[in-house]
Amino acid sequence: MTIPFLDIQASYKELKTEIDAAVQRVLDSGWYILGGEVDAFEHDYAQYCGTSHCVSLANGLDALHLALRAMGVGAGDEVIVPSNTYIATWLAVSQCGAVPVPVEPVEASYNLDPAQIEAAITPRTKVILPVHLYGQPADLAPILAIAKKHGLRVLEDGAQSHGARYQGQRLGGHGDAVAWSFYPGKNLGALGDGGAVTTNDPELADRIRVLRNYGSRVKYVNEVQGYNSRLDPLQAAALCVKLKYLDAWNARRTEVARRYTANLENSGLILPKVPEGMEAAWHLYVVRAEDREALQAKLTVAGVGSLIHYPIPPHLQQAYADAGFTAGQFPLAEIMAKQVLSLPMGPHLSAEQQQAVIQAITA
Ligand SMILES: *Cc1c(COP(=O)(O)O)cnc(C)c1O
C-alpha cells in the first residue's frame, strides 16, 4: 500500500456531480470575470466566517499584499511577521516596499509568541501579521491587546486555517482582516488559484475591491494604481460547492489528528497540541523528530508520503540575502526547519491508510 501525503483528486471525486454542474453553469453563462458567481461565493464565505465583508482575489499572496496596501503599508514601514512561516507571509510585506520584522514562535504551538512582539515594535511598525500555522489558531487576544495599545492594525494569515475557531468564534473577524488562500491543497481549495480577505471594516473592504480591479470602481475610471487580482467565476462556483462540506471535512481531519495523537503518544516524537480555547482546522499534522531524516526515510521505505513545512526559514532564504539576517538569529525557527515533518493528513485519508502510517512509525 502506498499512501500519498495528500490525495488532491479525492475531494473532486467525492463532489464530482455537484462541481461538474457548477462549472457547466459558468461555461454556459458566458460571464467569465467577476459577476454573480463571485458575488455568491463572497456572500457565502463572509457568512461562514461571521464577517460583514469578503473580497475575493486571485490567490493568497495577493490577499495578504492587497490587505496590507489597503491598510496603508508602504515603503519604509515595518510589519511584524513570524520567523517560521511560509515565505508568502514575508513576500506580501516586501511587495509593499515594507520590511518584514520577524518574531519567534511559542515552541509548543509554532505560532507567534505574543510575549516577544513588543520588543520588535518601532515607530515604523504599522501592522502585526500573525499566521494560524498548520491550522492552529494563533493566540489572538494578547496580540490584539498589544496592537490596540500601540495603535497598530492586525492582519491574520488564514491560508491554513479555514474553519478554525478561537475562543469559540470562527477565524475571520477577530483582527482587522484575515487573508485566505484557496490553493488546491488548502482546507478549502479551488481547482486552481484563489484567495480572499474577510473583514468587518467596510473601508478596508472597499479599498481592496478597488485595488483588485485596476484601481477602478467605474469602468475606465482609475482612482489609484491598482492590480489585476480577481477570483474567476469558475473557481467561485467550485468553491461555493466545497464550502458546504468544509465543516464535515474538517471534522474528518480532526478524527485523523485524534488517532495520530492516541497512537503516537509513546513514539518519542513531539506531537502537536491544541491549546485551551482553540479549535484547530488541522491543515497539517506536524511532528518533531530529533532525527527527522531517519524518520522520513523510514516512511519513504514503507511507501508513506511526508513533507517538510518548511525546510528553510524565510530569513535564511537567498531571496532575503540582502536583508542582513544571520544563521542563529532566530534559533526556534531554525530548529523547527530541521526537525518538523508533516504526516499524511486530509479528509480522504482512510483509517486503514492511517493505520499503515502509524505502523511505519512505531514498528
Ligand atoms: C498557501 C499559503 C499562502 C499563499 O497562498 P497562495 O494562494 O499560494 O498564494 C500564504 N501563507 C501561508 C501560511 C500559506 O500556507
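As shown above, the structure is provided for reference.
Only a predicted model underlies this, so the values are computations on that prediction, with no experimental measurement involved.

Rules and cut-offs
Within any chain, residue numbers begin from 1 and follow the written order of that chain's sequence. Local features in this predicted model are restricted to residues of pLDDT 70 or higher, and side-chain atom pairs are both shown and tallied only at a pLDDT of 80 or more, whereas totals for entire chains, interfaces and linings draw on every residue. Hydrogen atoms and water are omitted, and side-chain values are computed over all heavy atoms in the structure. The secondary structure listing takes helices from DSSP runs of H or I that are at least 4 residues long and strands from runs of E that are at least 2 residues long, numbered from the N terminus. Here the radius of gyration uses the C-alpha set of atoms, whereas the globule reference equals 2.2 Å times the residue count to the power 0.38. It only takes one pair of heavy atoms within 4.5 Å for two residues to be counted as in contact. Strands qualify as paired when DSSP identifies two bridges or more between them. Axis geometry follows a simple rule: fit a line to the C-alpha atoms, using only the stretch in contact for helices, then measure angles between N-to-C directions, giving values from 0 to 180 degrees. Here a residue counts as near a molecule or strand whenever at least one of its heavy atoms sits within 4 Å of it. Definition of a polar contact: a pair of N or O atoms within 3.5 Å, with one able to donate and the other able to accept a hydrogen when the atoms are protein atoms, and with sequence-neighbouring residues admitted only if both atoms are side-chain atoms. Two kinds of site are reported from a 1 Å grid over the protein atoms alone, namely cavities, where a 1.4 Å probe fits but cannot get out, and pockets, open sets with protein on both sides within 12 Å along at least five of seven lines, and residues are called lining when an atom falls within 4 Å of a point. To qualify as sitting in a cavity or pocket, a molecule needs more than half of its atoms within 2 Å of the grid points. Just so you know the grouping, Ala, Val, Leu, Ile, Met, Phe, Trp, Tyr, Cys and Pro go in nonpolar, Asp, Glu, Lys and Arg go in charged, and all remaining residues, Gly too, go in polar.

Caption draft 1: Representation of the overall build of the protein in the model. For the protein, the helix and strand inventory stands at 12 helices and 14 strands. Taken against the 2.2 N^0.38 rule, which gives 21 Å for 363 residues, the C-alpha radius of gyration of the protein at 20 Å falls within 12% of a compact globule. Seen through its principal axes, the protein has C-alpha atoms that stretch 65 × 55 × 40 Å. Intrachain contacts of the protein at a sequence separation of at least 6 include 70% that bridge at least 24 residues.

Caption draft 2: Looking closely at the sheet that holds strand E5 (residues 153-157). Spatial ordering of the open sheet is given by E1-E9-E8-E5-E4-E2-E3, a layout of seven strands whose pairing is mixed. Each end of this open sheet is capped by a strand with a single partner; those strands are strand E1 (53-57) and strand E3 (99-103). Shown here is a sheet whose adjacent strand axes are inclined to one another by a mean of 30°, direction ignored. Here strand E2 (residues 78-82) pairs with strand E4 (residues 125-128) via three bridges, running parallel. From the neighbouring strand, Glu78 faces E4, where its bridge partner is Thr125. Against the sheet, helix H4 (residues 60-70) contacts E1, E2, E4, E5, strand E8 (177-181) and strand E9 (195-199), and its axis sits at roughly 160° relative to E8. In the packing of helix H6 (residues 140-150) onto the sheet, the strands contacted are E4 and E5, and the crossing angle to E5 comes to about 150°.

Caption draft 3: Quick look at the site of the ligand. Close to the ligand lie 14 residues; Gly60, Asp157, Gln160, Ser181 and Lys186 are nearest. Between the ligand and Leu61, the relevant distance is 2.9 Å, taken from an oxygen atom to a main-chain nitrogen or oxygen of the residue. Note that an oxygen atom of the ligand is positioned 2.8 Å from one of the side-chain N or O atoms of Gln160. When each cavity is represented as a set of grid points, the ligand is found to reside in the largest pocket. Considering each element in turn, the shell around the ligand owes the most residues, three residues, to H4. For the shell around the ligand, a count of residues per class yields seven nonpolar, five polar and two charged.

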